[in-house]
Amino acid sequence: MLQDIERYLACPLCAQPLTRHDRSLRCPAGHSFDLAKQGYVSLLAGDAHTGTGDTAEMVAARADFLAAGHYRPIADALAEASAAAPADEPDGLVADLGAGTGHYLAHVLDALPDRVGAALDISKYALRRAAKAHPRIGAVVCDAWRPLPLRDASAELMLNVFAPRNGPEIRRVLRPGGTLLLVSPTARHLGELVDALGLLSVDEEKQRRIDEKLGPYLTPAGRREVEFTLRLDPQDVRTVVGMGPSAWHTDPERLGAALTALPDPVEVTASVTVAAYRR
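Now for a description of the structure that goes with this document.

Rules used in this analysis
Residues numbered from 1 in each chain as written. Predicted model: local features only at pLDDT ≥ 70, side-chain atom pairs only at ≥ 80, totals over all residues. Heavy atoms only, no water. Helix = DSSP H or I, 4+ residues; strand = E, 2+ residues; numbered from the N terminus. Contact = heavy atoms within 4.5 Å. Buried < 20%, exposed > 50% of the residue type's maximum accessible area, 1.4 Å probe, protein only. Axes fitted to C-alpha atoms, helices over the stretch in contact; angles between N-to-C directions. Parallel < 35°, antiparallel > 145°, perpendicular 65-115°, else oblique. Left-handed = near helix turned anticlockwise from the far one by under 90°. Nonpolar A, V, L, I, M, F, W, Y, C, P; charged D, E, K, R; others polar. Expected span 1.5 Å × (residues − 1). Core = buried A, V, L, I, M, F, W, Y, C linked by side-chain atoms within 4.5 Å. Salt bridge = Lys/Arg side-chain N within 4 Å of Asp/Glu carboxyl O.

This brings us to the environment of Tyr 217. Mapped onto the elements of the fold, Tyr 217 is located in the loop between α8 (206-214) and β10 (219-232). C-alpha of Tyr 217 to C-alpha of Arg 171: the two residues are 46 residues apart in sequence and 5.9 Å apart in space. Apart from the residues within four sequence positions on either side, Tyr 217 is in contact with Gly 167, Pro 168 and Arg 171.

Its place among the elements puts Arg 279 in the segment after β11 (266-278). On the basis of relative accessibility, which here comes to 30%, the residue Arg 279 falls in the partly exposed class. Measuring from C-alpha to C-alpha, the distance between Arg 279 and Ala 153 comes to 9.9 Å, with 126 residues separating the pair along the chain. Excluding residues within four positions of it along the chain, Arg 279 makes contact with Ala 153, Arg 171, Arg 172, Leu 174, Arg 175, Pro 176, Gly 177, Gly 178 and Leu 218.

Attention shifts here to unusual backbone geometry. Cis geometry is adopted by the peptide bond preceding Pro 265, which originates at Asp 264 and carries an omega value of 0°. Mapped onto the elements of the fold, Pro 265 is located in the loop between α10 (252-259) and β11. Unlike most non-glycine residues, Asp 22 shows phi in positive territory, near 55°. For Asp 22, the position within the fold is in the loop between β1 (19-21) and β2 (24-26). Residue class for Asp 22 comes out exposed when judged on its relative accessible area of 70%. One non-glycine residue, Leu 190, adopts positive backbone phi at about 55°. Here Leu 190 is to be found in the loop between β9 (174-185) and α7 (191-197).

Next up on the list: the packing of helix α2 (residues 56-67) against helix α9 (residues 234-242). Their axes nearest at 8 Å, the elements α2 and α9 cross at an angle of 130°. With respect to α9, the axis of α2 lies oblique. Read as a crossing pair, α2 and α9 show a hand that is left-handed. Judged by residue contacts, Met 58, Ala 61, Asp 64 and Phe 65 of α2 engage Asp 236, Thr 239, Val 240 and Gly 242 from α9. Of the residues contributing to the contact of α2 with α9, the split by class is four nonpolar, two polar and two charged.

As a further point, take α2. In a regular helix each residue adds 1.5 Å, so twelve residues correspond to 16 Å; α2 covers 16 Å between its end C-alpha atoms and thus fits that length. For α2, the complete set of buried residues consists of Met 58, Val 59, Ala 61, Arg 62, Ala 63, Phe 65 and Leu 66. Those residues of α2 that are buried are in contact with α4 (103-111), α5 (124-130), β10 and α9. Gly 69 occupies a position one or two residues after α2 and carries a positive phi of about 85°.

Within the largest apolar cluster, 55 residues are counted, with the highest numbers of intra-cluster contacts made by Tyr 71, Leu 78, Leu 193, Leu 197, Leu 230 and Val 237. In terms of residues, this core owes the most to one element, β11, which gives six residues. Not counting chain neighbours up to four residues away, the residues in contact with Leu 197 comprise Val 237, Val 241, Leu 255, Ala 258, Leu 259 and Leu 262. With 35 residues, the next largest nonpolar core counts Leu 9, Leu 97, Leu 150 and Ala 155 among its residues.

Going through the model one piece at a time under the given rule, you end up with 13 salt bridges. Residues Glu 169 and Arg 172 are paired through a salt bridge, measuring 2.7 Å at the closest nitrogen-oxygen approach. With a gap of three residues between them, Glu 169 and Arg 172 both fall in helix α6 (residues 167-173), about one helical turn apart. For Glu 169, a relative accessible area of 12% corresponds to the buried category.

Remember, this is a structural readout, not a statement about activity or role.
Below, the structure written as structure tokens:
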């Protein structure tokens, strides 16, 4: 609910606080942003480009795959790490950068019953779902590569799951001592499908590169790997391909032909790193 996170929001044009006026949010400088009837608010600057956001088809595929529980171990590990993270304010903000449908943020909020959550994403299709994913989520359209529409030191905890990472902005938004929990795929993630279907692969050095990019802004505070086996039928495989970055690069006819060569069900490795960083 947007009223739950209103006190943490900042104008994307001048960084001043935003307050509710009927069906809009306004800052003291007079900038105004209408609330969408689907429950989210767009805090994008006027010249922002949303072409990199997930499409309606990608969002629907992700919602179906996550609702089936395939990635539940990842959500559980993230919730456990969130509950263990130090906090000055038990009712503070959890900000999810690249929140998508709000699936992981909702799982974390279930583990943190006194917190409220801000789902931040550039895809309005995703945030239509995120706005309804949990009663304590407020959904905000924004660009991860620009100043985030949150006040300085406003978040106790930030989440980043398979999403872009803006180190300077994450540091600014986190309170001193606050925690970023970052979920990224290892080189083994969905490896059987990468080989069989020609999908995009994960660099062996991905975690090192993440650490290097975040190093000037945050301090590593521990990590764990979460790895498990998925048993996917052909429709599940289509869905997992359609919800991720390979959806932009995969020809449907070629994918259909490749799927016929896979066993039914096919066993696939899910493998991610859950890393903590502190400001």
